[in-house]
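# Chains, contacts and geometry: an overview
What follows is the residue order along each chain.
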Amino acid sequence: MTGLLIQAPAPTEATSIAARRGRRLWTALRRSPKATVGLAIFALFCLMAVVPQLFAKESDTVALTFQPEVPPSGAHWLGTTNLGQDIYAQLIYGTRQSLLIAVVAGLFATVLSVIIGVSAAYLGGLADEVLSMLTNVFLIIPTFPLIIILSAYAGKGNLTVVLVVLIVTGWSYGANQLRAQALSLRNRDFLESARVRGERRSYVIVFEVLPTMTSLIVANFLGAALYSVLTAAGLQFLGLGDPNSASWGTMLHQSQANLALQTGMPLWSLAPGLCVALLGVSFALLNYAFDEISNPALRPVRRRRAR
Amino acid sequence: MRYLLRRSGFFVLTLWAALTLNFFIPRFMPGSPLQALRDRTHNKLSPQALQEMLTSFGFKPNQNIFVQYVTYLGDMLTGHWGVSIGLTLGEPVSKIVNQALPWTLGLVGVTTILAFLAGSFVGIVAGWRRGSTVDSVVPSVFVVTSALPYFWVALLLILVFSVWTNGALPSDFNYDNTLQPALDWTFISSVLTHAILPGLTILITSIGGWVLTMRNNMITTVAEDYIRMARAKGLPNRKIMYGYAARNAFLPNLSGFAMSIGFVIAGAILVEYVFNYPGLGYLLYNAVSNTDYPLMQVLFMLFTVAVLVAVFVCDIAIAWLDPRARAKG
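On a plain count of helices and strands, chain A comes out with 12 helices and 0 strands. The secondary structure elements of chain A, listed N-terminal to C-terminal, are α-α-α-α-α-α-α-α-α-α-α-α. By residue count, 47% of the 307 residues in chain A fall in the buried class. Nonlocal contacts in chain A, meaning residues at least 24 apart in sequence, comprise 71% of its contacts between residues at least 6 apart.

Listed below in structure tokens is the structure:
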């Protein structure tokens, strides 16, 4: 969005400045209730992804161990599926894949958009024309139908295919924003002075341009991660994911295929959907909080006690 | 004028890129239409008949790939879309698409525009009344709704309004299929009640983004000098709000609207799938699960064209509303 440009100080003590900026960001994050809630949800999901054993006893979520279609009880908090798998355990063990897709796809899409957006702005001329044309074309082509078609051709379920497709289709929005901001930075004095010092282009881009764009890059990562969570879950929901994988989207697909809503097992459908929603909400909240931090005009007004 | 010409050039290029992707994806991906067709017809048709059928949608593996490409482009643009090789074997693709198109346009088109207008309005109010109760609640609420998955909202609505109420609102198909389509009240009301839940789903999930961007634009605009000037002139508040601030803040939102059509299409596919609503998105799902290549190709092209048309309309609107866009050329 309209990120406020942060004027970078002289780059002599880059590390201490980076550390100070990091601390400032941290305090700003802690002060924002939106960011706190977002971070808390995200941390909980991370914990569930790393040590699922802490949350659920049954580690084999595919085995048909229990009686089928048991309603929620003390032994099975969310009941069991029509085949007799514990829904709660599936939910916990499904966290890992959904989180992995979000973070990995978000990360690589952001890297791609930084590379393309910033070099377009910094190189200028023909390179800029070509790169921003590419960005705009990718922005317009409807990605979800493309993803559906690609994953249908490429064989169902392959996690790598899903990741690659999410990265290829998820970078263009960020590249557009980053290019706009990098363009407005291009003629700043501190970049001019670096050029006069005779620094290499790569040095200027990595050590001078990028640090001033940190908050926008982080916001882009969050946006791309949100996009990946929702898209991957949608894809798996349609049955285009790996049918044997433990993930929320697959659970949703199974429950939908077995008419869980209509046959009195609504939790089977709603619980994994809620997890997708919560993960998405945590990214969206963090993203908005970053927007507020980088653009003070958007912050909640403090005179009256807001919230 | 130059502005519109340049944009038109860009549209042609994008359409070409999409069509090219559409041409090369099936040819470089594993899985062959011939095999899919053989499975579908359970080996009942002779290989010649199968070949012929494939030829009719432009699959000629022995021909020069460049010639294939040129014929394909011509066929796509002139509406020679071939025949379906999926569930509706042998049916012309254009006929299938024609049946589904009005439903998607009616449901998705109308709700999207409604969500956009309503969202912009809420954003205008929230941004204008900075620091009020409305403004303190709006961002948090809509950040949350904008991140909800379409299908989850759909499932929730089905559970609450259809399952728990013993089918008070229908959650399946586009109209009660015991009825004959006719222009009478029973049929129209059936169509409308069947559209409530899917429409509500799209509305709830897509409104948030437009509220937030509109609010942000509004806040930036309200800080401008010409707003202070209008205040100093003693203009009525309402006039400043709509005539000065909202008018300018609306422009970036309009271009954002065009860009987000792609996301709306993604949502529409999921919503139509959940509600078995026989529109283009449901058709795409069927085409994919039955490996109906010709239908897939045409649908992808149509989705691209839909986005392009939306962007084009918004471009014209912006050029008309904003002298700066005209002047920039």
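Within chain B one finds 13 helices and 0 strands. Listing each helix as α and each strand as β along chain B from the N terminus yields α-α-α-α-α-α-α-α-α-α-α-α-α. Residues classed as buried in chain B amount to 42% of the 329 residues present. For chain B, contacts bridging at least 24 residues in sequence account for 73% of all contacts bridging at least 6.

The next subject is the confidence of the model for chain B. Per-residue pLDDT for chain B averages 82, and the proportion of residues at 70 or more is 89%. Scoring of the predicted complex yields 0.83 for pTM and 0.82 for ipTM.

Our next topic: the nonpolar core. Val 229 of chain A together with Ala 154, Leu 284 and Leu 299 of chain B are the most contacted members of the largest nonpolar core, which has 165 residues in total. In this view, Leu 284 of chain B contacts Pro 145 and Ile 148 of chain A together with Ile 269, Met 296 and Leu 299 of chain B; residues no more than four positions away in its chain are not counted.

Inspection of the secondary structure assignment puts Leu 134 of chain A in helix H4 (residues 125-140). Along the chain, Leu 134 of chain A and Ile 116 of chain A lie 18 residues apart, while their C-alpha atoms are 9.4 Å from each other.

This part is about the environment of Leu 166 of chain A. Mapped onto the fold, Leu 166 of chain A is located in helix H6 (residues 159-170). Separated by 57 residues in sequence, Leu 166 of chain A and Ala 109 of chain A have C-alpha atoms that sit 7.9 Å apart.

Moving on: the interface of chain A and chain B. Taken residue by residue, the interface counts 48 residues in chain A and 50 residues in chain B. Sorting elements by how many residues they give to the side of chain A that touches chain B places helix H12 (residues 266-294) of chain A first, with 12 residues. Here the residues of the side of chain A that touches chain B are counted per class, giving 35 nonpolar, 9 polar and 4 charged.

Further remarks concern helix H11 (residues 280-289) of chain B. Each full turn of the α-helix corresponds to 3.6 residues, which orients residues three or four apart in the same direction. Counting buried positions along H11 of chain B yields 9 of 10 residues, so the element is predominantly enclosed. Along H11 of chain B, the positions that sit buried rather than exposed are Leu 280, Gly 281, Tyr 282, Leu 283, Leu 284, Tyr 285, Asn 286, Ala 287 and Val 288 of chain B. Those residues of H11 of chain B that are buried are in contact with helix H5 (143-153) of chain A together with helix H5 (93-128), helix H10 (237-274) and helix H12 (293-321) of chain B. One or two residues past the end of H11 of chain B sits Thr 291 of chain B, with phi positive at roughly 40°.

All right, on to the confidence of the model for chain A then. Residue and element names in this part refer to chain A. Averaged over all residues, the pLDDT of chain A equals 79, while 84% of them reach at least 70. Overall, residues 1-14 carries pLDDT values under 50, and its contacts beyond four positions in sequence, including any with other chains, amount to 23 contacts. In this model residues 303-307 is a low-confidence stretch, pLDDT under 50, and it forms 9 contacts with partners more than four residues away in sequence or in other chains.

What follows covers helix H9 (residues 225-232) of chain B. Buried residues are scarce in H9 of chain B, accounting for 0 of its 8 residues. Positive phi appears at Gly 234 of chain B, one or two residues downstream of H9 of chain B, with a value of about 80°.

Before going further, it helps to spend a moment on the packing of helix H3 (residues 87-123) of chain A against H12 of chain A. Residues and elements named next belong to chain A. Where H3 meets H12, the axes come as close as 11 Å, and the angle between the chain directions of the two elements is 30°. Put simply, H3 runs roughly parallel to H12. As H3 packs across H12, the resulting crossing turns out to be right-handed. Across from Ile 87, Leu 91, Gly 94, Ser 98 and Ala 102 in H3, the residues of H12 making contact are Leu 267, Trp 268, Ala 271, Pro 272, Cys 275, Val 276 and Leu 279.

What follows concerns unusual backbone geometry. Positioned with a positive phi, Asn 276 of chain B is a non-glycine residue whose angle comes to about 50°. You can see Asn 276 of chain B is positioned in the loop between H10 and H11.

Residue and element names in this part refer to chain A. Within the element layout of this structure, Asn 287 appears in helix H12. Sequence-wise, Asn 287 and Leu 259 are 28 residues apart; in three dimensions their C-alpha atoms are separated by 35 Å. In contact with Asn 287, not counting residues within four places along its chain, are Ala 219, Leu 222, Gly 223 and Leu 226.

Calculation criteria
Residues numbered from 1 in each chain as written. Chains lettered and ligands numbered in written order. Predicted model: local features only at pLDDT ≥ 70, side-chain atom pairs only at ≥ 80, totals over all residues. Helix = DSSP H or I, 4+ residues; strand = E, 2+ residues; numbered from the N terminus. Buried ≥ 20, exposed ≤ 12 C-beta atoms within 10 Å, placed from the backbone. Contact = placed C-beta atoms within 7 Å. pLDDT = per-residue confidence, 0-100. Core = buried A, V, L, I, M, F, W, Y, C linked by C-beta atoms within 7 Å. Nonpolar A, V, L, I, M, F, W, Y, C, P; charged D, E, K, R; others polar. Axes fitted to C-alpha atoms, helices over the stretch in contact; angles between N-to-C directions. Parallel < 35°, antiparallel > 145°, perpendicular 65-115°, else oblique. Left-handed = near helix turned anticlockwise from the far one by under 90°.

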